[in-house]
Amino acid sequence: MKKLPAYPKALSRILLCCLALAAWGCMEYGPLPEEEFSYPVTPGAEAEGVFIVCEGNFMYGNASLSFYLPSTGELQNEVFARANGMRLGDVAQSAVMHDGILWIVVNNSGILFGIDPATFRIKRVIRGIGSPRHVCFHGGKAYVTSLYEPRIAVVDVATAAAAGYIETPGHTSTEQMAVWGDTLYVTCWSYDDTLLAADMVSGTVTEEIKLRSQPRWLVPDGSGRLWVLTDGGYGEDDAPAPAALYRLDAATGAVEREFVFRMGDRPAGLCIGPDGRTLYFLNEHVWRMDTDADALPEEPFIRAQGTIYYSVGADPHNGDVYIGDAIDYQQQGVVYRFSAEGKGLDTLRVGIIPTGFCFR
């Protein structure tokens with residue numbers, strides 16, 4: 001799913017059809033054995049740990065969830081399937097923790113699972129959203145973006161029932177979100193160039209901020225600013241364009257700085273460290289950048305060694321950096337854990353295409 005905008009539209013349709021035919025005989029159905037287990041928790045202390053979302057292959061239904069305990073080095077794979085007796089689904093897109101529930105967005109299956117982060121068992125389910133991408137929470141509501149629908153779904157968290165929509169006419173691919181007061185900022189990704197600002201009280205889009213082609217990643221920093229990373233994508237004539245990193249005033253939506261990458265660069269996976277002023281992103285290697293910097297960094301923070309760095313995350317507690325390595329997109333992926341200083345700490349063999357990290 002994530003590779004769709006990297007091709008012209010006509011070629012994308014052909015590739016999707018071929019993938020669907022190839023996958024027809026590969027999908028596995030039926031119940032799986034359940035396990036009763038939970039991760040270790042120190043009495044009286046908040047549980048630690050990292051959930052690793054593994055995307056799996058489009059149309060193969062082999063997405064998975066891993067759990068890693070950095071204090072002991074314990075890694076458990078396929079925790080969702082083992083706890084619930086069913087597979088996670090087709091293309092696990094993202095995950096976020098909210099009010100003691102881990103929410104996992106499964107894109108091509110069109111479903112969101114809310115699970116108990118200690119037992120990994122399902123507690124809530126949200127359905128009915130076409131190709132969901134990301135979820136965020138505000139005021140008892142869940143806001144869910146979609147790859148193919150010109151609207152953002154609004155769901156009552158307590159009942160998991162639809163509470164309405166924020167219509168996004170002309171924008172059929174909404175992606176990552178950030179909340180500032182009563183404003184919901186949303187990137188419009190596939191074949192788009194817009195950052196939307198929506199009033200969550202009225203449920204309407206109030207502003208459209210034009211950026212370079214295909215803005216996708218969005219994170220707030222610790223100084224009241226938003227950071228948006230575009231991937232360049234393709235323009236109206238299917239011509240590649242340079243990617244860019246933007247800094248905006250979260251209160252007004254005004255663009256403060258634009259950092260343009262070299263033609264051919266494909267940055268991805270923007271995230272921020274626990275200090276609120278250190279950005280991390282991928283561009284073949286892992287790069288680190290101060291939020292007050294005047295230019296893009298010149299040297300990588302962590303160099304890739306002839307492999308595919310696919311995702312990056314920063315532990316909000318201690319600043320450890322996690323890197324997902326897709327290897328060849330077919331075999332089990334690897335996650336590397338580094339200290340905030342860039343020292344290698346651990347190597348984990350997880351599921352296929354590790355795409356995201358959710359820190360407890």
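Above this text is the structure in question.
Presented here is a report on the structure given in the accompanying data block.

Calculation rules
- Residues numbered from 1 in each chain as written.
- Predicted model: local features only at pLDDT ≥ 70, side-chain atom pairs only at ≥ 80, totals over all residues.
- Heavy atoms only, no water.
- Helix = DSSP H or I, 4+ residues; strand = E, 2+ residues; numbered from the N terminus.
- Buried < 20%, exposed > 50% of the residue type's maximum accessible area, 1.4 Å probe, protein only.
- Contact = heavy atoms within 4.5 Å.
- Areas by Shrake-Rupley, 256 points an atom, 1.4 Å probe, with all protein chains shown as cover.
- Salt bridge = Lys/Arg side-chain N within 4 Å of Asp/Glu carboxyl O.
- Phe/Tyr/Trp six-rings, centres within 6.5 Å; stacked < 30°, edge-to-face > 60°.
- Lys NZ or Arg CZ within 6 Å of the ring centre and 35° of its normal.
- Pairing = 2+ DSSP bridges.
- Axes fitted to C-alpha atoms, helices over the stretch in contact; angles between N-to-C directions.
- Core = buried A, V, L, I, M, F, W, Y, C linked by side-chain atoms within 4.5 Å.

1. Digging into the overall build of the chain
Broken down by element type, the chain carries two helices and 27 strands. Counting the 360 residues in the chain, one finds 52% classified as buried. In the chain, of all internal contacts separated by at least 6 residues, the share reaching a separation of at least 24 is 45%. Accessible surface, the chain as shown: approximately 15400 Å² in total, 51% of it carbon and sulfur.

2. A few points about the pattern of salt bridges
Pairing between side chains becomes possible if they bear opposite charge and their charged atoms approach one another. Going through the model one piece at a time under the given rule, you end up with 15 salt bridges. For Asp193, the salt bridge goes to Lys210, with nearest N and O atoms at 3.4 Å. A residue pair is termed long-range when its members are at least 10 positions apart, and Asp193 in the loop between β13 (183-188) and β14 (194-199) and Lys210 in strand β15 (residues 204-210) qualify at 17 residues. Several salt bridges share partner residues, and in doing so they unite Asp221, Arg225, Arg277, Asp290 and Asp292 into one network.

3. Overview of the environment of Tyr280
Residue position: Tyr280 is located in strand β21 (residues 278-283). Its relative accessible area of 5% is what places Tyr280 among the buried residues. Taking C-alpha positions, Tyr280 is 5.8 Å from Leu270, a pair spaced ten residues apart along the chain. Discounting chain neighbours no more than four positions away, the residues touching Tyr280 are Gly269, Leu270, Cys271, Gly273, Trp287, Arg288, Phe301, Val312, Ala314, Gly319 and Val321.

4. Remarks on the packing of aromatic side chains
Summed over the entire model, instances satisfying the criterion amount to 13 aromatic pairs. Pairing Tyr322 with Phe357 gives two aromatic rings, centres 5.8 Å apart and planes at 45 degrees, and the pair type is tilted. Linking Tyr322 in strand β24 (residues 321-325) with Phe357 in strand β27 (residues 354-359), this pair joins segments that are 35 residues apart in sequence. The residues Tyr322 and Phe357 share a single accessibility class, namely buried. By way of ring pairs, the aromatic residues Tyr68, Tyr322, Phe357 and Phe359 are connected into one cluster. When the ring centre of Trp189 is taken as reference, the NZ or CZ atom of Arg216 above it lies at 4.1 Å.

5. What to know about the sheet that holds β13
Pairing between the strands of a sheet is mediated by backbone hydrogen bonds and can be parallel or antiparallel. The four strands lie next to each other as β12-β13-β14-β15, forming an open sheet whose pairing is antiparallel. Each of the sheet's edge strands pairs with one partner strand only, and the pair in question is β12 (174-180) and β15. Averaged over all pairs of adjacent strands, the angle between their axes in this sheet comes to 25 degrees, without regard to strand direction. Of the strand pairs in this sheet, β13 and β14 are connected by six bridges, and their pairing is antiparallel. Each residue of the ladder has a partner; that of Tyr185, found in β14, is Ala197.

6. Side note on the nonpolar core
If you look at soluble globular proteins, the nonpolar side chains tend to sit buried side by side. Counting 19 residues, the largest nonpolar core has Leu65, Leu88 and Ile115 as the members making the most contacts within it. For this core, the secondary structure elements donating two or more residues are β1 (50-54), β2 (64-69), α2 (79-84), β5 (101-106) and β6 (111-115). Those residues in contact with Leu65 that lie beyond four places of it in its chain are Phe51, Ile52, Val53, Gln76, Asn77, Glu78, Val79, Phe80, Leu88, Leu102, Ile104 and Ile115. Among the nonpolar cores identified, the runner-up in size contains 16 residues, and Ala268, Leu279, Trp287 and Ala293 belong to it.

7. Describing the sheet that holds β24
Within the open sheet, the four strands sit side by side as β23-β24-β25-β26. Their pairing is antiparallel. Two strands lie at the open edges of the sheet, namely β23 (309-314) and β26 (344-352), each paired on one side alone. Ignoring strand direction, the axes of neighbouring strands in this sheet form an average angle of 20 degrees. With five bridges joining them, β23 and β24 adopt antiparallel strand pairing.

8. Description of the pairing of strand β11 (residues 161-167)
Pairing analysis gives six bridges linking strand β10 (residues 151-156) to β11, with the strands arranged antiparallel. Along β11, the bridge assignment pairs Val155 with Ala162. Where β10 folds back onto β11 in an antiparallel hairpin, the turn is made up of four residues, including Ala160, whose phi is positive at roughly 60 degrees.

9. Details of unusual backbone geometry
For Glu78, which is not glycine, the phi dihedral falls at a positive 55 degrees. Considering the arrangement of structural elements, one finds Glu78 in the loop between β3 (74-76) and α2. In this structure, Gln214 takes a positive phi of about 60 degrees despite not being glycine. Mapped onto the elements of the fold, Gln214 is located in the loop between β15 and β16 (215-220).

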